[in-house]
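Results of the structural survey
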Amino acid sequence: MKKRTLLYIPLVLLFALAVSVLAVHYRNLFINYSLASIEVQLPFTIDGSIMAVKPEAESAGLKVGDRILAINGRAIESGDIYREELTKLRPNEPMTLAVGRKTADGQTENHQIVITTKRLEKDFNFYSRLVVGFLFAYVLPTFCILLGFWVVFVRPQDALAWLLLFLLLGLSQMGLEGYGRATTVGFYSAIFFNSWALAMFLFGIYFPERWSVDVKIPWAKWIFIVPLAFQIFLALLSQIKIFLGINLIDSLDFIAKPYYEIAAPVNMLATSIFFAALGHKSGTLENPDARRRLKLMVIGTSVSMTPLFVIFLLRLFTGAKGSFFDIVPFWFALLALLLVLLFPLTLVYVIVVHRAMDVSVVVRQGLQYALAKNGVRVLQFFLLFAVGLGTLFTINNYGRNISLQIAFIVVGIALIPLIDFAAKRLIVWVDRKFFREAYNAEQILSDLSEDVRTMIETKPLLETVSSKISESLHVPQVALLLKNGGNFQPAYALGYKNAPNVSLNENNTTIEKLKTNEPLVIYQDDQDSWINDEGQTTERANLRELNSQLLLPFGAKNELSGLISLSPKLSDSPYTPTDLRLLKSVAAQTGLALENSRLTQVIVSEAAQKERINRELEIAREVQERLFPQELPKIEGLDYFGACRSALDVGGDYYDFIELPENKFGIAIGDISGKGIGASLMMASLQASLRGQAIHFKSDLAGLMKQINSLVYEASTSNRYATFFYAQYEPATRKLTYVNAGHNPPFLVRKSGEVVRLEEGGAVVGMLPSMLVNYKQGEIELQTGDLLVGYTDGISEAMNPQEDEWSEDAMLEELKKVHEKPAVEILPYIVACADEFASGAKQHDDMTMIVVKVI
């Protein structure tokens, strides 16, 4: 307690300094925003000296680094005079500047520069800069300072809380930089602006636990800590020189100047490690809650800082100076400034809402402890002390007026229970006002007992029960043990550093006591408790590992199936009768839900198996889709297209377009008998056979088809076969050579309207051995305007609800209507016609079509 109190001393002093910085900062708020009334656009950016100049100012002789000494003859002796002179300027009038300029030998030369001013356009960009500037320069610093000190005030002994404070104070300097450089405020600004990268670096390594990389190579972090600490030291020496006139920094020029050359990259690398460390930990930490919090933090802070880093990199590599709006386009600068606000908001969300540092619980616990215990006792002590002093006072001033003395003592004693009552009411008010989840613990647990009834999956059920109990009553450790054979073992544990390795035998005293179906309170520090009997050594060790203070039995049909172990509350307050009543209800509903889970396990298993099969079918469908042509090579004189729509997840239809040697072009379409996985496997075999053999047979398509028949026959079962049409087209001669192995004859629709069916070929492939099969190949010369259409019977035999077939003739009539259209439009039109005829009837077969048009 003494150490905690001592920590508050520097914290309060630092807070007072931060508040004074904000006071100085806000004092300039209305002054700075009064500049919105200026009518001219300044052709330069100034921060003590000229930081950036626009072309018109540069052509007039103004340079970066110049210091403005006077405007229109009036000496600029203060910021107020500078702002006053700016408000006097008018558009299109000359502005005379007296500037001081450093020469190469360190001397100062005075120059007079005349610049013609331009009207300031107060458009959307202008007011956007004002609003965003206010958020960045005033809201961001205030929010960062208050958040950082709030966390440390409730966790003064937590090193991470102090790191967070330094990180936020450094971030706040983005808006505060430049104020009070020759004052104590200057010390504050310089120290924390230069410590931001170091704070980010260390916070990334140690939050919420030490980075595994640092554990393996602990010396590596000093590569950054040493130069960044030296940077803070140099900033401190600079402020001593400015504020006290003591020049200590010049003696370190031999090392300071080289460091300043690499300071920017070092700082950016250090802040990059913040993201790298948190990103790595978000995927490697054992605690899933910690991983979830870190993922939120990494995403939020990365989005927040990325545009800002881009601007810093541009400034670093291009040497650009001035404000963000002078370096990058307006919209990008606006975005970068707005997103910086996301950084502290992310920290608030992760630390407070997701309880990464349990700040809300700490506040509540501290208030309860102070008010409910020490606070009341201290007040009572002081009241009794005051009563004693009052008695002495009355004796000294009113002699022996006993009645007055008695009245004073009675009033004092009566105030003691009133103070106790007021303290308890104050606790309730704090819970209602700031910690709604604690005040509503009864409601949360009541809702939980209703919710678990509908949960049938074991793991989500155990997770929900554990988290809700922990959240509502602030119980840090919750374990659910389920019966496994003759022992009760942990099935889910929340809040433990390592999963508890315990096993309670069904014959143990603990389990026997729980069979009464009543909650069991464990008093491990009570020597008279049954748990401390000599024969309970193993049970006592198990319960200590669980850190159990309360055990809740649950089951179904009068049989104990599990128990819930709860550790002491964070506030150390005992479980109240209301807590026990609600928890007993939760446990009972948990037991019923687990029984439902057991009874539905077979159904769930079957559903999972079905889902697995569906997924495998989906994978097979994706693989089959890859067997179809993914790109259509450009063939001289042809416009072509193809598509397949399976009736099931996978199908047996096949089409292909193949670029061949000697500038030939292969066209294929086939239909495997049957549907589903078997048909798709044979389709893959047919595709592999065709592509593997087509280049060897060249013009001998009959021999090619005989070889394909042999390969497919050997690779398939006796009830599997395929109808198959294959053709080769020679663009130079426009000759089409083909073989039709039992497939629906493709249509060749001439421009004149004549229809030729390509029937020459032989038997289907894969049904008979090659010795029993022979094929003939046909030839036909194609002409401009000819339309070759191959299809499977899934299109021509599409059926409507009355089981009527669409027919080839109907398809041919529709083809003639769209003969002049490109292939990519013809194919979907024909399929749409088939669907229209089907009138919503289920597709009974795969539908595949190829369209080749001579152009």
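It should be noted that the structure appears before, not after, this text.
Residues numbered from 1 in each chain as written. Predicted model: local features only at pLDDT ≥ 70, side-chain atom pairs only at ≥ 80, totals over all residues. Heavy atoms only, no water.

A look at the sheet that holds strand β12 (residues 520-521)
By definition, the strands of a sheet pair up through backbone hydrogen bonds, in either a parallel or an antiparallel sense. The condition is simple: Following DSSP output, two strands are said to pair if at least two bridges run between them. Numbering of helices and strands runs from the N terminus; a helix is a DSSP stretch of H or I covering at least four residues, while a strand is a stretch of E covering at least two. Contact criterion: two residues are considered in contact whenever any of their non-hydrogen atoms come within 4.5 Å of each other. Between N-to-C directions, angles cover 0 to 180 degrees, with each direction set by a line fitted to C-alpha atoms, over the stretch in contact for helices.
Spatially, the six strands line up as an open sheet ordered β11-β10-β9-β14-β13-β12, and their pairing is antiparallel. In this open sheet, the two strands that pair with only one neighbour each are β11 (504-505) and β12. Of the strand pairs in this sheet, strand β10 (residues 487-494) and β11 are connected by two bridges, and their pairing is antiparallel. In the sheet register, F488 faces β11, and the bridge partner there is L504. Of the strands in this sheet, β9 (478-484), β13 (550-556) and β14 (559-566) are in contact with helix α22 (residues 577-599), which crosses β13 at around 35°.

Some words on the pairing of β14
Stated formally: Whether a residue is buried, partly exposed or exposed follows from its accessible area with a 1.4 Å probe, protein chains only, as a fraction of its type maximum: under 20%, in between, or over 50%, in that order.
Among the eight residues that make up β14, six are buried, leaving the element largely enclosed by the rest of the structure. Here β9 pairs with β14 via five bridges, running antiparallel. Bridge pairing in β14 links L482 to G562.

Topic: the pattern of salt bridges
Put simply, the test is: By definition, a salt bridge exists where a carboxyl oxygen of Asp or Glu is found within 4 Å of a side-chain nitrogen of Lys or Arg.
Scanning the entire structure with this criterion turns up 21 salt bridges. With its nearest N and O atoms 4.0 Å apart, the salt bridge here joins E559 to K483. Residue E559 is found in strand β14, and its partner K483 is found in strand β9; the two are separated by 76 residues along the sequence. Assessed through its relative accessible area of 34%, K483 is described here as partly exposed.

Details of the packing of aromatic side chains
Defined as follows: Here a Phe, Tyr or Trp ring, Trp counted by its six-membered ring, pairs with any other such ring whose centre lies within 6.5 Å, and the pair is stacked when the planes are under 30 degrees apart, edge-to-face when over 60, and tilted otherwise.
All told, the structure shown has 18 aromatic pairs when counted by the stated rule. With centroids separated by 6.4 Å and ring planes inclined at 25°, the aromatic side chains of F203 and F274 adopt a geometry described as stacked. Taken together, the residues F203 in helix α7 (residues 184-206) and F274 in helix α10 (residues 253-284) connect sequence positions 71 residues apart. The exposure class of F203 is buried, given its relative accessible area of 0%. One aromatic cluster in this structure is built from F203, F207, F274, F275, F309 and F343.

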